[in-house]
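Reading the structure
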Amino acid sequence: MAKNIFIGLIISIFLFVVYNSKRNYYENSRDFYSKHFNGEIQKIEEGRGIEIYYEKDSFFYKDDYEGPELFVGDILRKSASEITIMRKGSKGDYIEVGKGKSIEPKKSYFNYFFGI
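The structure contained in this document is the topic of the report that follows. All of these numbers come straight from a predicted model, not from anything done at the bench.

Thresholds applied
Residues numbered from 1 in each chain as written. Predicted model: local features only at pLDDT ≥ 70, side-chain atom pairs only at ≥ 80, totals over all residues. Heavy atoms only, no water. Core = buried A, V, L, I, M, F, W, Y, C linked by side-chain atoms within 4.5 Å. Buried < 20%, exposed > 50% of the residue type's maximum accessible area, 1.4 Å probe, protein only. Contact = heavy atoms within 4.5 Å. Pairing = 2+ DSSP bridges. Helix = DSSP H or I, 4+ residues; strand = E, 2+ residues; numbered from the N terminus. Axes fitted to C-alpha atoms, helices over the stretch in contact; angles between N-to-C directions.

A look at the nonpolar core
- Counting 11 residues, the largest nonpolar core is built from F32, F37, I41, I52, Y54, F60, Y65, L70, L76, I83 and I85.
- Excluding residues that lie within four positions of it along the chain, F32 makes contacts with F37, F60, D64, K78, I83 and S102.

Below you can see the structure in the form of structure tokens.
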């Protein structure tokens, strides 16, 4: 009996950890979608997903963005779901190279996790 309770507890903990494994990714996606900002791409890192840093500690995942390819040094202007991309031209001035959009995340973490 005690063995079954122990096994049930281990399985419950495992399922809880698996279910919460994508929570930070989902919350970051949701925050990015609703955020308005102006920033310059500082770095692009590959980790759990491709992270694009527009400030020292602020980033979004490439999966949350749709549009022209982004490079370090690009200037981003985001309002609502529209992202304007500007790049330094040959004369040193910034020119608009295109527009992208942030992809709206699922309405709830449950739907996001199970792909509903």
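Let's talk about the sheet that holds strand β3 (residues 50–53)
- Spatially, the three strands line up as an open sheet ordered β2-β3-β4, and their pairing is antiparallel. The sheet is open, and its two edges are formed by β2 (43–46) and β4 (59–61), each paired on a single side. Within the sheet, the average angular offset between the axes of one strand and its neighbour, ignoring direction, is 25°.
- Looking at chain direction, β3 and β4 are connected through three bridges and run antiparallel. The residue of β4 that forms the bridge with E51 is Y61.

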